[in-house]
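# A structural walkthrough
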Amino acid sequence: MTVNRVGLVVHGGRAEAVAAARTVRAWCAEHGVRCADIDVWQEGARHSAREEVDSAGDPDLIVTLGGDGTFLRGARLAAENDALVLGVDLGRVGFLTEVPAPAVREALDAVREERINIESRMLLTLRASCRLEVPTQMEALLRYGRGPMLPPPRVRSDCTAGSDWGVALDVTALNDVVVEKLSRDRQVSVAVYLAGRLLACYSADALLVATPTGSTAYSFAAGGPVVSPRAEGLVFTPVAPHMVFNRSVVAAPDEPVALRVLQGSGQAAVSIDGQLRGVLSPGDWIGVYAAPRRLKAVRLGPTDFYGRLRERMHLTDAPAALADGDAAPLWPVTTPPPADLAHLALPPVPGDASRTC
């Protein structure tokens, strides 16, 4: 594909990320591609995704150099501009980044020569009973030692505020949307609705709605299921609920999840992909649903999600696995699958370069 402009999102606190950024800039210079650094800390304030991509000249490829947090920053920009996003892996436990730093030049060549797969990932978006705002005193507290945070989501220009459907917010999430308690000594009380029907009322530390991509993030830490990123659905997970029913629920992609703060609750914080974006008061609500747009992530080959899960979670370190010797594939086959299995997503047969997952 033709790459006209690259937007570069770099974890500036890591020397290897800074070095890899120099490689990306050199590649761009060699191929006549414009390259713009996107620094979300610029001028001491955080900017909206639209402001950032406009200042970068509307890049058609976003390259992130860091871990999953850096990738999430780049994904927010790519989704805003319908651009591709390529994650260079410099993290520790991440699932989102794709390319090791030494291979960044080869990865850019592959994008330019169209030797890539484009993986479509579900995004979430929001409606709410009111605009999301962060109290001034809270913003000052959260800025301490962490830098400025993202501004509250804007209201979409095509939204009629105050209708039954609430205010449409101009924001997307790749991982999750979280409603959590503000006070350490008080849980948040929330009514949860799935597909327009009340599921239950929870008293909990937090309640979250994740994409399949985000199922290995906060939802996983809270005991939620691991979901293939190729699946479609919304994963609702309560965090430390004070009730017997503490299971996750996986809703269909066309079934919205709504969270209403109950009258007896204190205020609740709303975080989007780990960034605080607003505060809800008792009686306020948010609706989380699959966004019309998708993230277009660059993959250099078939994605071995379960292999990465096994490695990142050290699943082969279990005593039973060690006692069994070297791990073998479930199907150690050397021939193509039979006709009735040809539709399945399986690892490539050795020597068969035409087959992909």
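Residues numbered from 1 in each chain as written. Predicted model: local features only at pLDDT ≥ 70, side-chain atom pairs only at ≥ 80, totals over all residues. Heavy atoms only, no water.

Pairing is antiparallel across the open sheet formed by 6 strands, whose spatial order is E14-E13-E12-E9-E16-E17. Both edges of this open sheet fall to strand E14 (249-251) and strand E17 (275-280), since each of them pairs with a single strand only. Here the strands of the sheet are splayed against their neighbours by 20 degrees on average, with no regard to which way each runs. Of the strand pairs in this sheet, strand E16 (residues 268-272) and E17 are connected by 5 bridges, and their pairing is antiparallel. Pairing of Val270 across the sheet is with Gly278, part of E17. (Pairing = 2+ DSSP bridges. Helix = DSSP H or I, 4+ residues; strand = E, 2+ residues; numbered from the N terminus. Axes fitted to C-alpha atoms, helices over the stretch in contact; angles between N-to-C directions.)

So, on to the confidence of the model for the protein. The predicted coordinates ought not to be read in detail in places where the model reports low pLDDT. Chain-level pLDDT for the protein is 86 on average; 85% of the residues reach the 70-or-more range. By mean pLDDT, helix H8 (residues 319-323) is the weakest element of the protein at 62, and strand E13 (residues 234-239) is the strongest at 98. (pLDDT = per-residue confidence, 0-100.)

Taken as a whole, this structure holds 2 aromatic pairs when the rule is applied. Arranged with centres 5.5 Å apart and planes meeting at 65 degrees, the rings of Tyr202 and Phe236 form a pair that is edge-to-face. One end of the pair, Tyr202, is in strand E11 (residues 197-204); the other, Phe236, is in strand E13, and 34 residues separate them in sequence. Residue classification places Tyr202 among the buried residues on the basis of a relative accessible area of 1%. Between Phe305 and Tyr306, the aromatic rings sit 5.1 Å apart at their centres with planes inclined by 75 degrees, giving edge-to-face as the arrangement. (Phe/Tyr/Trp six-rings, centres within 6.5 Å; stacked < 30°, edge-to-face > 60°. Buried < 20%, exposed > 50% of the residue type's maximum accessible area, 1.4 Å probe, protein only.)

Moving on, we come to the nonpolar core. The nonpolar side chains of a soluble globular protein tend to be buried with one another. Grouped together as the largest cluster of nonpolar side chains are 35 residues, with contacts concentrated most on Leu126, Val177, Val192, Leu207, Leu259 and Ile286. The contact partners of Leu207, leaving out residues within four places of it in the chain, are Val177, Val178, Val179, Val188, Val190, Val192, Tyr202, Phe236, Thr237, Pro238 and Leu259. (Core = buried A, V, L, I, M, F, W, Y, C linked by side-chain atoms within 4.5 Å. Contact = heavy atoms within 4.5 Å.)

Our next topic: empty space enclosed by the protein. Following the criterion strictly, the structure yields 1 cavity of 30 Å³ or more and no others. Looking at the largest cavity, the residues that line it are Leu72, Ala75, Arg76, Leu123, Thr172, Ala173, Leu174 and Asp273. Broken down by secondary-structure element, the contributors of at least two residues to the lining of the largest cavity are helix H3 (68-81) and strand E8 (167-173). Considered class by class, the residues forming the lining of the largest cavity number 5 nonpolar, 1 polar and 2 charged. Each of two domains, domain 1 (5-122 + 295-306) and domain 2 (124-290), supplies a minimum of three residues to the lining of the largest cavity. (1 Å grid on protein atoms, 1.4 Å probe; cavity = no way out; pocket = protein on both sides within 12 Å on 5 of 7 lines; lining within 4 Å. Points joined across faces, edges and corners; volume = space filled by probe spheres on them. Nonpolar A, V, L, I, M, F, W, Y, C, P; charged D, E, K, R; others polar. Domains from an automatic or database assignment.)

Our focus in this paragraph is helix H7 (residues 305-312). One turn of the α-helix equals 3.6 residues, which is why residues spaced by three or four share an orientation. Among the residues making up H7, those that are buried are Phe305, Gly307, Leu309 and Arg312. Those residues of H7 that are buried are in contact with strand E4 (84-89). Positive phi appears at His314, one or two residues downstream of H7, with a value of about 55 degrees.

Time to look at the pairing of strand E2 (residues 34-37). Examined bridge by bridge, strand E1 (residues 5-10) and E2 share 4 bridges and lie parallel to one another. Looking at E2, one finds that Val6 is bridged to Cys35. Read from E1 through helix H1 (residues 15-30) to E2, the crossover connection turns out right-handed. (Right-handed = clockwise from strand over helix to strand, strands pointing away.)

Within this structure, the stated rule accounts for 16 salt bridges. With a closest N to O distance of 3.2 Å, Asp205 and Lys181 form a salt bridge. Of this pair, Asp205 sits in the loop between E11 and strand E12 (206-210) while Lys181 sits in strand E9 (residues 176-181), placing them 24 residues apart in sequence. The salt bridge involving Glu232 is made with Arg294; its shortest N-O contact spans 3.0 Å. Placement of the pair is Glu232 in the loop between helix H6 (218-221) and E13 and Arg294 in strand E18 (residues 285-299), with a sequence separation of 62 residues. For Arg294, a relative accessible area of 28% puts it in the partly exposed group. Through salt bridges with shared partners, a single ionic network connects Arg50, Asp54, Asp58, Glu80 and Arg293. (Salt bridge = Lys/Arg side-chain N within 4 Å of Asp/Glu carboxyl O.)

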